[in-house]
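Breakdown of the fold
For reference, the chains in residue letters:
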Amino acid sequence: MTTVAEEALLDVVEGPASAIEAIETVISSLATESSAMVNRSGASSLWRFQYGSVEVYVQLTGETDEDTLTVWSSVLTLPVRDEAGLFKKLMAANWLSTFEARYAITDNAVVVTTTRTVAELSPGEISRAITLVASIADENDEALQAEFG
């Protein structure tokens, strides 16, 4: 028996003709009901959706080989208690448990992120990028906030 997420992934791998269609298929399988939003400006698109306790953002700058797919989710606002301890923990996690994603800092926030050029980007890679960031962020945000926030 396959889960809804597995069925959506099969649809992504077999079906959509464009990166935009693949992104929207994955988001529709992951997003909390009615939480997905999209903003389009020229060739660029930015999606936002709720997954568990986190908001996830997906940005596609266009569909040429030089464009990028970036996925990110904020897990902790800076400053924090024991900043050195937090950074040590995040660096260890980057090595051991984030796969193609990573922890990073932007605009006084710790985020889980991944980015990749669109060149030879497959629907399966799109699905993996979005699912990884959403899952890692949702699984770790509350623990990081409790320990360091």
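We now turn to the structure provided with this report. Quantities reported herein were computed from a predicted structural model and do not represent experimental measurements.

Rules used in this analysis
- Residues numbered from 1 in each chain as written.
- Predicted model: local features only at pLDDT ≥ 70, side-chain atom pairs only at ≥ 80, totals over all residues.
- Heavy atoms only, no water.
- Pairing = 2+ DSSP bridges.
- Helix = DSSP H or I, 4+ residues; strand = E, 2+ residues; numbered from the N terminus.
- Axes fitted to C-alpha atoms, helices over the stretch in contact; angles between N-to-C directions.
- Contact = heavy atoms within 4.5 Å.
- Buried < 20%, exposed > 50% of the residue type's maximum accessible area, 1.4 Å probe, protein only.
- Polar contact = N/O pair within 3.5 Å; in protein donor to acceptor, adjacent residues only side chain to side chain.
- Phe/Tyr/Trp six-rings, centres within 6.5 Å; stacked < 30°, edge-to-face > 60°.
- Lys NZ or Arg CZ within 6 Å of the ring centre and 35° of its normal.
- Expected span 1.5 Å × (residues − 1).
- Arc of directions from axis to C-beta.
- Parallel < 35°, antiparallel > 145°, perpendicular 65-115°, else oblique.
- Left-handed = near helix turned anticlockwise from the far one by under 90°.
- Nonpolar A, V, L, I, M, F, W, Y, C, P; charged D, E, K, R; others polar.

Observations regarding the sheet that holds strand 6 (residues 109–117)
What the six strands build is an open sheet, ordered 1-2-3-4-6-5; its pairing is antiparallel. Of all strands in the sheet, those bounded by a partner on one side alone are strand 1 (37–41) and strand 5 (102–106). Mean inter-strand twist for the sheet, computed between neighbouring axes without regard to direction, equals 25°. Summarising the sheet, strand 5 and strand 6 pair through five bridges and their orientation is antiparallel. The residue of strand 6 that forms the bridge with R102 is T113. Helix 2 (residues 19–30) contacts strand 1, strand 2 (44–51), strand 3 (54–60) and strand 4 (68–77) of the sheet and is inclined by roughly 10° relative to strand 2. With respect to the sheet, helix 4 (residues 123–148) is in contact with strand 2, strand 3, strand 4, strand 5 and strand 6, its orientation differing from that of strand 4 by roughly 10°.

Description of the side chain of T114
With respect to the helices, strands and loops of the structure, T114 is situated in strand 6. For T114, a relative accessible area of 9% translates into the label buried. Within the structure, the side chain of T114 is placed 3.3 Å from the backbone oxygen of E100, a separation counted as a polar contact.

Focus on the packing of aromatic side chains
A full pass over the atoms with the stated rule returns one aromatic pair. For the cation-ring pair, R128 lies above F99, with the distance from its terminal atom to the ring centre recorded as 5.5 Å.

Observations concerning unusual backbone geometry
A cis amide bond links L78 to the next residue, P79, at an omega of 5°. One can find P79 in the loop between strand 4 and helix 3 (83–96). A positive phi is found at S34, a non-glycine position, where the angle reads about 60°. Mapping S34 onto the fold places it in the loop between helix 2 and strand 1.

Here's the deal with the side chain of S45
On the secondary structure map, S45 appears in strand 2. S45 gets classed as buried once you look at its relative accessible area, which sits at 2%. Within the structure, S45 has its side chain in polar contact with the side chain of R40 (distance 3.3 Å). Once you skip the residues sitting within four places of it in the chain, S45 turns out to touch I20, N39, R40, V58, Q59 and L60.

Brief notes about helix 2
For helix 2, which comprises twelve residues, the first-to-last C-alpha distance of 17 Å matches the rise-based estimate of 16 Å (1.5 Å per residue) to within 8%. Within the span of helix 2, buried status applies to A19, A22, I23, V26, I27 and L30. Seen from one end, helix 2 has its buried residues packed into an arc of 130°, which puts them on one side.

Re the packing of helix 3 against helix 4
Axis angle and axis distance: for two packed helices, these are the angle between their axes and the distance between the axes, and together they describe the pair. Orientation of helix 3 relative to helix 4, taken along the N-to-C sense of each, is 155°, at an axis distance of 10 Å. Here helix 3 is positioned roughly antiparallel relative to helix 4, judged by the angle of their axes. In the crossing of helix 3 with helix 4, the sense of the turn from one axis to the other is right-handed. In contact with G85, L86, K89 and L90 of helix 3, helix 4 contributes L144, E147 and F148. Among the residues forming the contact of helix 3 with helix 4, the class breakdown is four nonpolar, one polar and two charged.

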